[in-house]
Amino acid sequence: MATQEYRAPMDSEPKDLENASDKAADSLDHHNSTDEEKFEHDHPEEAAAEAEAQPKGPPAGGPSGGPPPNGGLQAWLQVVGSWCLFFNTWGLLNTFGVYQTYYASGAIFTATSSDISWIGSVQALALLLTGAFVGPVFDRGYFRYLLVGGGFLVVFGHMMLSLSHTLWQAVLAQGLCVGIGAGMLFVPAVAIMPTYFTTNLGLAIGLAASGSSMGGIIYPIMFYKLIPEVGFPWAVRILGFTVLATLLIPISVMKMRLKPAKVRALFDPSAFTDLPYIWCVLTCTIGYIGLYVGIFYLSYFGQSTGITDESLSFYLVPILNAASVLGRTVPNWISDKIGPLNVITPGALLMGVILLCNLGVHSSSGLIATVFFFGLFSGIFIALPPVLFVVLTKNKAVVGTRIGMGFAIMGMGVLIGGPAAGAILENSAGGQNWTGVWLLGGICPLGAAVSFILLRGYRAGFQPMVKV
């Protein structure tokens, strides 16, 4: 996984934003209809974010309305707070590869790789599903309740994980509790940005989303370094206390400036009659199967085969997340120039090829290379789906709902990828069927790339120089 992570991020990370209002016409919308259509076409990600958070009026007792400040201390404090939220949502999910490796050693409980991967799969799915339900709660003005409630669940999940001795205790604590809490924190991290920024919105979201990659670098290193010093229970508790300390920052400095004029719907029935949108969602779901095979198993692959020693196998996860920083930022900028389908298609293709390259990896240097490039190209697959949802949704008033629905469905790919790869891995003497794992991981993104090519042809033909 991550991801999950954005661009939404999303992590690997999703951007759940979109709505319209009367007051927003004065504060967020200074263009005529022709200018709006041109802006949405050239900058779909920022257009979605700008439209989603157009406000109706201030929440009770909140700051006064007016145009977004586009800077200043209070606005940039929101970026700092959102960075901390990304750090403790997709940043934590991007860490699961080191947990997969550690649990597989049998130090805490004995379970197959497939069973262990359910922990990370449930965690990612819980984040995505919870995020879809949290949108309307945020729209009603319960911003601080989400911060406090979500933060409590993430910290509480770590404390309960430190006491776990069985697989299902870990699934409940790390998978469900941390996953739901992270879902409650992720939507506010993104949705608050457009109420403070318009001209600097892309920069603000990009800076905030970098927290997910930093979490995916710092938390695995902390975990690995603490285990031999204090043992698993206290290592996890220290991570939990770190989460608590860093979440006190957004709780202290973040303020909901304006409420959207209209509470977004949880479900848009028209989405299922919109062929390009459904086509895109199902294609991304297939790609996510391969994405999470790589996120969950690259670290364990190095250790279990002896390609890397124990130390390097744990450091593969930070290497992957460091590489994903470029993959989650630069492609979004390029997509503004040439179109998101023209970027995600080669990204999916290259991600599949890199995973298949693991079939021929027999040295630590080779594995480090595939991990680095997987992080780079997987970042594309994490960052661009919400941009595609914006482009493929004609009615911009339902983009927020469409993004939530899309990522909820894509969560099925997360749920399939890890456990299926684990089952394949165990389906051989000694539980070392890595050929089957990398075939699954590589073929799914390659299939997604072919589907994206066909979708592009359906939308705009097969001429190579068309922006789509």
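Remember, it's a predicted structure, so these values are computed and weren't measured experimentally.

Novice: Residue-level account of the pattern of salt bridges, with values.
Specialist: Applying the stated criterion across every chain, the model contains two salt bridges. The partner of D268 in a salt bridge is R402, and the shortest N-O contact between them spans 2.7 Å. Placement of D268 in the loop between β2 (259-260) and α11 (275-305) and of R402 in helix α16 (residues 399-426) is noted, with a sequence separation of 134 residues between them. The exposure class assigned to D268 is buried, which follows from its relative accessible area of 10%. On the accessibility criterion, R402 (5% relative accessible area) is buried. Salt-bridge contacts for R402 lead to D274; the nearest nitrogen and oxygen are separated by 3.2 Å. One end of the pair, R402, is in helix α16; the other, D274, is in the loop between β2 and α11, with 128 residues separating them in the sequence.

Novice: Before we move on, can you summarise unusual backbone geometry with the specific residues and values?
Specialist: Positioned with a positive phi, N70 is a non-glycine residue whose angle comes to about 55 degrees. With respect to the helices and strands, N70 occurs in the loop between β1 (55-57) and α4 (73-87).

Novice: Which residues make up the side chain of S378, and what are the values?
Specialist: Relative to the elements of secondary structure, S378 occurs in helix α14 (residues 364-383). Ignoring anything within four residues of it in the chain, the contact list for S378 reads L291 and M351.

Novice: How would you explain helix α7 (residues 113-139) if you had to name every residue and give the values?
Specialist: In this model, α7 (27 residues) spans 40 Å end to end at C-alpha, consistent with the 39 Å of a helix rising 1.5 Å per residue. Taken as a whole, α7 carries its principal kink of about 35 degrees at F133; the proline P136 stands between one and four residues after it. Along α7, 22 of the 27 residues are buried, which leaves the element largely enclosed by surrounding structure. In the stretch just after α7, G141 is the one whose phi turns positive, near 100 degrees.

Novice: Any chance you could break down the nonpolar core for me, citing the residues and the numbers?
Specialist: Among the nonpolar cores identified, the biggest contains 128 residues, and Y103, F223, F232 and F452 are the most heavily contacted of them. No other element matches helix α10 (residues 201-253), which puts 17 residues into this core. Those residues in contact with Y103 that sit more than four places away from it in its chain are F96, I108, F109, I116, I119, L161, Q174 and F232.

Novice: Report on the side chain of N342, specifying residues and quantitative values.
Specialist: Structurally, the position occupied by N342 is in helix α13 (residues 341-357). A relative accessible area of 18% means that N342 is categorised as buried. Apart from the residues lying within four places of it in its own chain, the contact partners of N342 are R456, V466, K467 and V468.

Novice: Lay out the environment of I108 with the relevant residues and their values.
Specialist: By the secondary structure assignment, I108 is in the loop between α6 (96-104) and α7. Along the primary structure I108 and A170 are separated by 62 residues, whereas in three dimensions their C-alpha atoms are 9.9 Å apart. If we skip the residues at most four places from it in the chain, I108 touches Y102, Y103, S164, H165 and F232.

Novice: Summarise α4; cite the residues concerned and give the values.
Specialist: Since the α-helix packs 3.6 residues into each turn, any two residues three or four apart lie on the same face. Spanning 15 residues, α4 covers 21 Å between terminal C-alpha atoms, matching the ideal 21 Å at 1.5 Å per step. All buried positions along α4 are accounted for by A75, Q78, V79, G81, S82, C84, L85, F86 and F87.

Quick notes on the rules
Residues numbered from 1 in each chain as written. Predicted model: local features only at pLDDT ≥ 70, side-chain atom pairs only at ≥ 80, totals over all residues. Heavy atoms only, no water. Salt bridge = Lys/Arg side-chain N within 4 Å of Asp/Glu carboxyl O. Helix = DSSP H or I, 4+ residues; strand = E, 2+ residues; numbered from the N terminus. Buried < 20%, exposed > 50% of the residue type's maximum accessible area, 1.4 Å probe, protein only. Contact = heavy atoms within 4.5 Å. Expected span 1.5 Å × (residues − 1). Bend = angle between axes of the 7 residues up to and from the residue. Core = buried A, V, L, I, M, F, W, Y, C linked by side-chain atoms within 4.5 Å.

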